[in-house]
Structure formats: structure tokens, C-alpha cells
Amino acid sequence: MTFEAGSDAHKEFFCRQFTDTYQDYDPETLPWPDLDPAALARLRGVPFWQEVYHTERRAGAIVDAFTPHVTDPTVRAAVALQGMEETRHAKLIRVMIDRYGIDATEQPLETFPDDLETAFIDFGFGECLDAFLGFGAFKTARQSEFLPAAMFDIFDVLMFEETRHIVFFINYMAWREKRRGHTAPARAIKSAWFYGRAARRLLGMVRRGQDANNGRDFAVTQTEMFLDGFSFRQFVEDCYRENARRMSAFDPDLMQPRLLPAVADLALRGLQLWDRTRHGLRRAA
Ligand SMILES: [Fe+2]
Ligand SMILES: [Fe+2]
């Protein structure tokens, strides 16, 4: 059975899917592994824990602030659950920071604009972009055995919840836009515009991170382990495949993010074509 996007049946379905797949756990009592000194040094050397911690706290604050403004009670309950999960993500990162003695401090949160729905939508598209790139990065880090598997199992709980969030968000957006009478092409243009904003924000964050880490050893010693044999094409392929694998865990009647996988697919085809052309030119020469 497939639902018409924007219908009440669609709304009930995507909200129920979201709340039914909730997992109960306490970050404090997760099976945190003991790390040997080398693994501990690698974990502490990761330069972005402070940013991750801040992002999760900010996520919880935005979603919580938006929750009382959602008029539909079913949607409001689902958004409230997401807010609780984001706050728990922040707690999970905090537990890890304390347990392993990671150097990361709490940054003040910005005040949010009056238009909290736009803040929520901006945040949602940001999550879609972060998650898609995160799928590939997570696979690379896991394969490189940068940390023990038990640590990745814990992060996997977080990744699963982020995937749930973006599936919920995509359905929420389709439902919201359809109710406002926006057509599919208009929705696609709007998505692209919001993705553009998310990408600019992400680039700004990367630049700030580079500045903050200038002069630290991480760039040379730690990234080598991640990036040993790193290939851009492999990364895009990993993002694409991992996205498909993680999305396959969800009910096929739910709408899923389409734009980023399509862009990645296009990029991969372009790279393939470029490779073939290059080989052809080399042979001709
Ligand atoms: Fe989160
Ligand atoms: Fe999230």
C-alpha cells in the first residue's frame, strides 16, 4: 500500500513508523570498551568532538524549541521524540568525552530566530547532508580499524537514529509542502536551495575546524590512518552504497531522501566516463 504524500494516512504512517522504531537506552550504561593507550590517543586526537557535541546540543535545542509550535498532535509527538533523542545524543557524546578524557568544552548556544519552523527545516536538510557524508566517513573509519569494533557498535546506534531522523524529516517535508499546495517541481527546487545552504554551513564549519587545528599534530599523524589509500571515488561510492543499505531497513512505503543519492550516482557515472575517456586517450597516444 502506498500513500499519497500529504494525506492524513501518510502522516499517521510516517509518524507511527518513527515512534515504533524508538530504542530505549541510557548512554551511561552502554557497553563502552576499555581502550589501550594507542586507541585512546587516536580517539583523543580526533579534532571534531567539540563540534559534534555542540551540533547535538544545538539539535536538541532547535527541535525542542520547535515542538510546541507544531499544531498537529501526531506530528508534535514525533517531533518531541526526536528532540529527546537529539538531547540523548549530546549526552552520549558527553559521556564519551568524560569517560575517555577528551578535550572538548561546552560552547554557548546561539539564540534561534522567531521563525522556528524555518530553523527546523534548515536543520533537517543539514542532517540529511551530514548523514549522507557521515555514512561514507563511518564506513572508512570502521574499515581502517581506527578504534575497536565495540566503539563503532555504539556509534552505530547514533547513526541508526540519525537515519530515522532524516527519513522522518523527508516525509514531514513532503506532507507539509503538499498540504500547502506546493507541486513536486517546486518542492525539488526548495530542497536544492536548502541543501545549498546546508553545504555552505558545512564548508564554513570545516574551515573553522582547519583553523582551530592548525599547528596540531592531527593533520599529519591521525588522518593518515583514515586516509591511507583514500580515494574520492571510493568515498562517494561508500556514501551511496551505505545510504542504500541503511535505507533498506525502513518500510519501503516511507519516502526517502532522493536528491543526494542521485547527485552521487551522477558523479560516479561522470567519474567512470572520465576514466574510460582517459584510458581511451592514453591508448590512442
Ligand atoms: Fe543527533
Ligand atoms: Fe538527528
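## Side note on the environment of Phe 250
In step 1: Within the secondary structure layout, Phe 250 lies in the loop between helix 9 (232-247) and helix 10 (259-284).
In step 2: Through-space distance from the C-alpha of Phe 250 to that of Phe 18 is 9.8 Å; in sequence the pair is 232 residues apart.

## Quick word on the environment of Arg 76
In step 1: Checked against the element boundaries, Arg 76 lands in helix 4 (residues 73-100).
In step 2: By relative accessible area, Arg 76 is classed as partly exposed at 31%.
In step 3: Linking Arg 76 and Cys 15, residues 61 residues apart in sequence, is a C-alpha distance of 9.3 Å.
In step 4: Setting aside anything within four residues of it in sequence, one finds Arg 76 in contact with Thr 67, Val 70 and Thr 71.

## Brief notes about the coordination of the iron ion (ligand 1)
In step 1: Taken together, Glu 56 (OE), Glu 86 (OE), His 89 (ND1) and Glu 162 (OE) make up the protein donors of the iron ion (ligand 1), found 2.0 to 2.2 Å from the metal.
In step 2: Taken together, the four donor atoms coordinating the iron ion (ligand 1) span angles of 95 to 132° at the metal, a pattern that classifies the geometry as tetrahedral.
In step 3: Written as a sequence motif, the donor residues of the iron ion (ligand 1) are E-x29-E-x2-H-x72-E.

## Re the layout of surface pockets
In step 1: As a volume, the second largest pocket reaches approximately 400 Å³.
In step 2: Around the second largest pocket, the lining is made up of 16 residues, and of these Ile 170, Arg 187, Ser 191, Met 255 and Arg 258 lie nearest the centre.
In step 3: For the lining of the second largest pocket, the secondary structure elements donating two or more residues are helix 6 (149-179) and helix 7 (184-213).
In step 4: For the lining of the second largest pocket, the leading source of residues is helix 7, giving six residues.
In step 5: Here the residues of the lining of the second largest pocket sort into ten nonpolar, two polar and four charged.

## Concerning the coordination of the iron ion (ligand 2)
In step 1: Taken together, the protein donors to the iron ion (ligand 2) comprise Glu 86 (OE), Glu 127 (OE), Glu 162 (OE) and His 165 (ND1), at separations of 1.9 to 2.1 Å.
In step 2: Between consecutive donor residues of the iron ion (ligand 2), the sequence gaps follow E-x40-E-x34-E-x2-H.

## Focus on the pattern of salt bridges
Side-chain pairs of opposite charge can arise whenever the charged atoms involved come near each other.
In step 1: Scanning the entire structure with this criterion turns up 25 salt bridges.
In step 2: Between Arg 142 and Asp 153 there is a salt bridge whose closest N-O contact spans 2.6 Å. A residue pair is termed long-range when its members are at least 10 positions apart, and Arg 142 in helix 5 (residues 116-143) and Asp 153 in helix 6 qualify at eleven residues.
In step 3: Judged by relative accessible area, which is 30%, Arg 142 ranks as partly exposed.
In step 4: Asp 153 gets classed as partly exposed once you look at its relative accessible area, which sits at 43%.
In step 5: A salt bridge links Arg 269 to Asp 265; the nearest nitrogen and oxygen atoms lie 3.1 Å apart. Residue Arg 269 and its partner Asp 265 are located together in helix 10, separated by four residues, close to a single helical turn.

## Digging into helix 1 (residues 8-20)
In step 1: Under the 1.5 Å per step criterion, the end-to-end length of helix 1 is 18 Å for 13 residues, consistent within 8% with the ideal 18 Å.
In step 2: Within the sequence span of helix 1, burial applies to His 10, Lys 11, Phe 13, Phe 14, Cys 15 and Phe 18.
In step 3: Each element contacted by the buried residues of helix 1 is listed here: helix 4 and helix 6.

## Here's the deal with the side chain of Glu 162
In step 1: Examined against the element boundaries, Glu 162 turns out to sit in helix 6.
In step 2: No salt bridge is formed by the buried Glu 162; its nearest oppositely charged neighbour, Arg 164, is found at 8.5 Å.

## Some details on the packing of helix 5 against helix 10
In step 1: It is at 10 Å that the axes of helix 5 and helix 10 come closest, and there the two elements cross at 45°. It follows from the interaxial angle that helix 5 and helix 10 lie oblique. In terms of crossing hand, the pair formed by helix 5 and helix 10 is right-handed. Contacts between helix 5 and helix 10 pair Cys 128, Leu 129 and Phe 132 from the former with Leu 260, Pro 261 and Ala 264 from the latter.
In step 2: A per-class count over the contact of helix 5 with helix 10 returns six nonpolar, no polar and no charged.

Cut-offs applied
- Residues numbered from 1 in each chain as written.
- Chains lettered and ligands numbered in written order.
- Predicted model: local features only at pLDDT ≥ 70, side-chain atom pairs only at ≥ 80, totals over all residues.
- Heavy atoms only, no water.
- Helix = DSSP H or I, 4+ residues; strand = E, 2+ residues; numbered from the N terminus.
- Buried < 20%, exposed > 50% of the residue type's maximum accessible area, 1.4 Å probe, protein only.
- Contact = heavy atoms within 4.5 Å.
- Donors = N, O, S within 2.8 Å, 3.2 Å for Na, K, Ca; no water.
- Tetrahedral: all angles 85-135°; square planar, octahedral: opposite > 155°, others 65-115°.
- 1 Å grid on protein atoms, 1.4 Å probe; cavity = no way out; pocket = protein on both sides within 12 Å on 5 of 7 lines; lining within 4 Å.
- Points joined across faces, edges and corners; volume = space filled by probe spheres on them.
- Nonpolar A, V, L, I, M, F, W, Y, C, P; charged D, E, K, R; others polar.
- Salt bridge = Lys/Arg side-chain N within 4 Å of Asp/Glu carboxyl O.
- Expected span 1.5 Å × (residues − 1).
- Lys, Arg positive; Asp, Glu negative; His and termini not counted.
- Axes fitted to C-alpha atoms, helices over the stretch in contact; angles between N-to-C directions.
- Parallel < 35°, antiparallel > 145°, perpendicular 65-115°, else oblique.
- Left-handed = near helix turned anticlockwise from the far one by under 90°.

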